[in-house]
Structures are given as structure tokens and as C-alpha cells.
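If you want the building blocks of each chain, they are given just below.
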Amino acid sequence: MLRLLTARSCATRLVALLATVAGFGALPAHADDTSFGRRLFYNKAQCPYCHGWAGDGAGEPQSSGGAANLRELKLPREQLIEVISCGVPGKAMPRFDDTAYAEKRCYGGVSEDDVGKDLPPLPVGSVLTPREVAAVVDFLEAKIIGRGPITRTECEEAFGAGARSCKDYP
Amino acid sequence: MAITSAASRIVGCTLVGFTVGGGAVLFASAPHAAEVTYERLVNPEPQNWLMNHRDYNAQRYSPLDAINKSNVKNLKLAFAIAIGGSSGNEALEATPLVEDGFMYVSDHWGVVYKIDVRSGQRGEIVWKMDPGQEKLDRNRGVALWGNLVISVTSYDGRVIATDKETGKIVWDKNLRDQPDVELTAAPLALKDSIIIGASGGDRGVRDWIAALDAKTGDLLWRTYSVPAPGEPGSETWKDNNNAWQTGGGAFYVTGSYDPVTNITYWGSGNPVPGYDATYRPGDNLYTASLLAIDAATGKFKWHFQYTPNDNRDYDETGSNILIDSKVNGEERKLVSHAGRNGFNYTFDRLNGQFFKAVQHVTKVTWTKGIDSKTGKPVDYDPAKDLQIYAEPINVNTNKVTRDVCPNNAGGTNYWPASYSQRTRMVYIPELEGCSDITPDATRHVKGKFDGGTYVDPARDTSGIAMVDPATGELKKRINLAYPNFAGVLSTAGGIVVTALLDGTILALDDETLEELWRINVGSGFNAPPMTYAVNGKQYVAIASGLFRNARGKLARSPEMKNVSQATMIFVFGL
């Protein structure tokens, strides 16, 4: 689909796209091999709605609130995958695997009946396949978990070089 | 987004955007339209919709009657226009404006579109102005003034005036005074000024209303909803946290305006942190209030606070409808507001005298009712710094969960009600549901200032409530299966039009609320319906595509789990 955009926005979006789409022609120096997971994190899964764009738990005020600060998360990979797939019963963290409880894939085989009204909701974005959940975890482990305070560099990775809102960060 | 479609977009950019340059790309030449003068804004032509709420009274009532009770059953899709769509998960919340066959609308990147709808066969995009907004957010529409289209850019904090003919930016002013301030309300154009409401309060912003010189964009005045220490109202912030600096009081729905008195009426949002009142003991003026503002100076002429010391996120930023009506045989100038707290209120708009309140939702648990003399909740105790109302005694205790109705999105919200000059009734798009709210004292830091968490334990639904503003009576209500985030349009044709999160748009009889027509377009609505006419033919238009908070209200509607959203403008005609 051909879309016609203004020059200025094209420039910004081109830079952002080049920074995020792996294997797209001449890549900038900081080639990002977790780009697939990043794209899922920001767009398809809508993680920033609750967790904030930097994963620090500062999501949109209209979200449920109380989302984990992913930067400080200390979970092994298998548990990260389980929490994303299964959500957290009784909390706002959704299940990204729609049939996870129906097919008893969560927390040692807990069923939909077991969780009852505490069944984690479906995401505001989209559900994810196991391959996509793994890619989101790849991105989290590479770019979010264990990072200290948010930096300008990190902000510009998300919003493009020279983004005005990134001047709020050192 | 697939990489192939991204790549083709880049090609599109390279071929067109980079070679043409400037603020906009012209697709077709258009004849020069008349200037939108103040006189036209005061007396809008029947066929046009020149401002967000159609008129300064914010009635969202159109005198068009070609589409009416007897023929609305034949309404069908005339054409549709795709806008936005440059990234995943976009939404539309704007009311399209139409002037003499041209539509002006904004998407959630702050992009403004001029669309030629004269043919009635298709919508041709004449130009688009892309401000390069950095973050995807919300945008509730534009204003027309002179030969300018005025728009806002959310977290960028910019207000932009675009030449209506060329799509080129005339002025571009940055009002971002705090990192998390947000501009999402459609601007309000007055005689010589543009009124802008700031929001983002829930992140810990001290919100404001500002007036800009319409010709230059220069700031004329800026009034904060939360007073600084020493200013009137500051005595209602009894904390030691400097809570006034992060106190909220957002404005994200366009106000109304009385040209006779030069007063503009705006509703303010909740105090922040929203779910934890212990951080900000006191009534927290001027949050959750109706503010009558002198448009010349920005000074408050009078105010009325609905829910002092709120801790349920009951913003009262929804529209304020100005109505001239007989009350007890006497001609009165009224202002009517459908409250997020579940009640509809009527006041004398000249002096703020409270008239009537009536519950417009089915279920209210936070209060036992509204005092018929004062308009305050009957369980409000002015001697208390922390209000409990009818909630459990431990309502303000950290980490204690309570179920409250209406839910945190309210009994209604930014989606506007309508007043029909035909029936003299207000039609309220009300939301039905409850939330489990848990205060959390750790959520008092910049960017994370909600003061707690919530979940909706059960399915949310909605209804249309018909209220007589002169008597304060609830005349009728119908229930609808999905939440309403769209609002209401009423017309001289005797129809009331509304839309739901499941993608249904429907027309009701304005007397019986009986359903006359409906269609489901498959993409949800959280933008208001409007109507216009061109070449003598009337149309109804509405933008689709749900924002994330609206989609969240479908979390307990499992049959909706696989539904996607499309950012379209649908235009219907006979």
C-alpha cells in the first residue's frame, strides 16, 4: 500500500524504521537483532500501555496500573515466558496465550475452572504465538531487564534520534 | 505491520514526500472556501458542523431533518475514508468538522486531514498536515477560525494553525510546561482567541486552560486548575507533599461558550493521585469541578465541585451543555453536565446556582445520593479532610481493595451527551460497570502518579438516559449490550444517533428511544457521531478504531477477543 507522507515525518519515521527493521538494506551501526521482539513489545502486544515505553511500569494512566517495573525484574527465562503466556491470576497482567488455561499449560496445569473469575484477561493488543512470546523475552533480556535509569540513547532507540521528548533524559 | 507494507510506505515517502517537501502534499486543487468568522461560529449554517460540539452551546443538535424517524431505516453506507494507519494499534476519537463540503479531522499522530466530501460518492483527501508528533496518543479533533485549522499534538504540547487552503503551517506554538502534559481536547475558537485545555493529569501534571491569540498563537493567559500556595482554593490542599504541583485537574473535552457574557464553561478532571486521597487531604479545588471562566482574563467567575476529595478517578471534564429553558414558568439560562460520578447536574449558568441532580446510571455505590439543596453528595462531610462517602470506612487504606460503581471510567466520560431543541431533553451516553480499586502509596512518583490500581471484575455495558434538564427528571433509559465511548447526536429529524465499542452505530427515536436503525461495521467506535449536508443531501459521519482504554472495557466480553480495529471515517446517507 502506497502512502504519501510529509517530508519531515518521513524522515523521522525512516530513521526509526531503519533503526528497528533488521535486514533492511544499509543498517545503522547499532544493528538491533531483537527488532522483531521490540516491534511486538511496542505494537502487536501493546506492552507499553501498562509497563511504559521503557518497561519501568509507568504505563498509560488509563491502564490498570500496578504493572511490574520490568527493568528491575529478576525472573528466569522460563518464568518470563510463563507469565507472559499465562498472565497473573487475579491481576491485570493479561494472558497472551488465549487457550493457555483451557489447555492447562499454566502454573502446573491450572484450569479455567480453577482460576474462575481470577482468569487473567485477554490483552488490549493481540495474543501472541509461542515464537512471538520468545521474541519478546529476547528483547526484554537484551534491552530492558537490568537496565538502570532511562537514558537518552535508549529513548532515541525508541523514538528516533533528536526526539524532543528524549531531552528529558540524561 | 508487515515489513513489505513498511517498505512500500518508505518508497511512497521517497517518491513524493522528499521531493515535494514543506508542510503538506497537495493532492488536488480546491476552490477557496469562505473564512470561518465569529459570526458564523455564533450562528452556524444548518448544513455545517463548524466546531467540536457543533455550536457554542455544546448541544450536538443539528437542525437537519432530511434523515428522520420515518426514513432512517433506509440509511446506508455512502462512502468511507481510511485515515491514520501508519502504525499498529491506532485509534480515532475526533469529531469530524464539515464546512461547505470539506471535512477536517485529526488522527492520533496529530495529523490533520482536509477531505473533499462534496461528491457524496467518495472522500478525497485534499491535503494532510503531519506535525511529526513523537508519540502515538489521542486527539479529539480540530477547530476552524478564519482561514486556519487549529490542532493539538498530545505529549508534544504544541498547538498548530494550518492554512485551510494550502495545508501549510501558519504558526506552531509549544505550550509544554511539564514533561507529562498532554493536549488532546479539540481547541475552542472564539472571536479573537483559541482556548486550549491541558490534560495528562493522571501522570502527575498540574493542568491548565490557556487562551492564545488566534492570529499569532501568542499566549494571552494561562489559568491552572490547581491553585499555588496562597491562591484562592489552596487551603483545600492540606498535605505536606506539595501535592498541588502534581494535582491533576485535567481538561480533555472542549468547553462551551456563552457569547452574551463572554464566559466559557469547562469541566476539570480528578485530583491526582487519583486512587489515593491520603496524599492530598482536603477538597482539592478546583478538581472535579465545573468552571465558569471569563474568556477575556482566564479568571474563574464561579465554580462548582461535584466530588470533593475524589478517589475513584471521577474526572468531570465531560461536556457542559448550555440551554435556555423555562424552569417553573421562568425563562432561565442553564448549564447541564452529565457526571462521570453517575449524576446529571443542572445549574444557573450566570451565577452557578445549583438546580437539580438526577442519577443517570443504573448503579451507584459511592454515595447515597445528591443533596437537593446544595448539590453535594449527601454523605459529604466538610469537616473531614478525607471523604468516605458511602464507601467502606477503610476506603482510604493502602492496599485495601474496594468495589465501586460507576467504574473508574465513570458513568459517562469524554463521550458527549446531546440536547435536542426538538424534545428539550438531554440524551446521556452512560456507561454501566464497576471497578475493584486498590490504593497503592508507592505510586506517587513522576510518570506513575495514579496512586493505585484497578480491575473491572465483570462485563461492562451501557445505556442511553433521557433526562429533562429543566425538571431534573430521568424520563427514560434503554440498555445497550456494549459500552458506549462514542457519545450522542440529536437532530431535528427526531433521531438520536449513538455508537458502541462493538462497532455498532444505531439511531433511536428521540421520544421513545425505540431503535430505528443499526449497522455493525466491525471496528469499534470511541468517537462521536456528527451530521452535515452538502448539495442538499444529509449525511451522518463517524470515525472508528478503539483506543487501548476502550478496548480494555471489552476484556470481559470474550466474544470480542479476536476483533481488530480500523481507523476509518464512515459516512452514511439515504
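Just so it is clear, the model here is predicted, and its values are computed rather than measured.

Reading guide: rules and limits
- Residues numbered from 1 in each chain as written.
- Chains lettered and ligands numbered in written order.
- Predicted model: local features only at pLDDT ≥ 70, side-chain atom pairs only at ≥ 80, totals over all residues.
- Helix = DSSP H or I, 4+ residues; strand = E, 2+ residues; numbered from the N terminus.
- Buried ≥ 20, exposed ≤ 12 C-beta atoms within 10 Å, placed from the backbone.
- Contact = placed C-beta atoms within 7 Å.
- pLDDT = per-residue confidence, 0-100.
- Pairing = 2+ DSSP bridges.
- Core = buried A, V, L, I, M, F, W, Y, C linked by C-beta atoms within 7 Å.

Q: It is not clear to me how the overall build of chain A should be interpreted in this structure. Could you clarify?
A: Each helix and strand counted, chain A has seven helices and zero strands in total. Helices (α) and strands (β) of chain A occur, in sequence order from the N terminus, as α-α-α-α-α-α-α. Classification of the 170 residues of chain A by burial places 45% in the buried group. Considering only intrachain contacts with a sequence separation of at least 6, the fraction spanning at least 24 residues in chain A is 51%.

Q: Can you walk me through the confidence of the model for chain B in this structure?
A: Any region with low pLDDT has predicted coordinates that should not be read closely. Here chain B shows a mean pLDDT of 93. Residues at 70 or above account for 94%. Both confidence scores are given for the complex: pTM 0.89, ipTM 0.75.

Q: Honestly, the sheet that holds strand β31 (residues 495–499) of chain B in this entry has me stumped. Any pointers?
A: Sheets are built from strands that pair by backbone hydrogen bonding, the pairs being arranged parallel or antiparallel. Residues and elements named next belong to chain B. With respect to topology, five strands assemble into an open sheet ordered β1-β30-β31-β32-β33, the strand pairing being mixed. The open sheet has two free edges, formed respectively by β1 (61–62) and β33 (515–520), since each of these has just one partner strand. Where β31 lies against strand β32 (residues 504–509), five bridges are found, and the strand directions are antiparallel. By the bridge assignment, I495 is partnered in β32 with D509.

Q: So what exactly am I meant to see when it comes to helix α2 (residues 35–44) of chain A here?
A: Since one α-helical turn is 3.6 residues long, residues separated by three or four positions face the same way. All names here are of chain A. For α2, the tally of buried residues reaches seven of 10 residues, placing the bulk of the element in the interior. Of all the positions in α2, only F36, G37, R38, R39, L40, F41 and Y42 are classed as buried. Count one or two residues on from α2 and you reach Q46, which has phi positive near 60°.

Q: It is not clear to me how the pairing of strand β36 (residues 568–573) of chain B should be interpreted in this structure. Could you clarify?
A: Walk down a regular strand and you will see the side chains alternate between the two sheet faces. Residue and element names in this part refer to chain B. Counting buried residues in β36 gives five out of six residues, a clear majority hidden from the surface. Note: strand β35 (residues 537–543) against β36, five bridges, orientation antiparallel. By the bridge assignment, V540 is partnered in β36 with F572.

Q: So what exactly am I meant to see when it comes to the nonpolar core here?
A: Soluble globular proteins: nonpolar side chains tend toward being buried together. Ranked by internal contacts, the top residues of the largest apolar core, which has 185 residues, are A:V136, B:A143, B:L144, B:I150, B:A189, B:I194 and B:I196. No other element matches the seven residues that helix α6 (residues 130–144) of chain A contributes to this core. Discounting chain neighbours no more than four positions away, the residues touching A:V136 are A:G37, A:L40, A:F41, A:A45, A:I84 and A:L128. Grouped together as the second largest cluster of nonpolar side chains are five residues, B:W237, B:A243, B:W244 and B:Y279 included.

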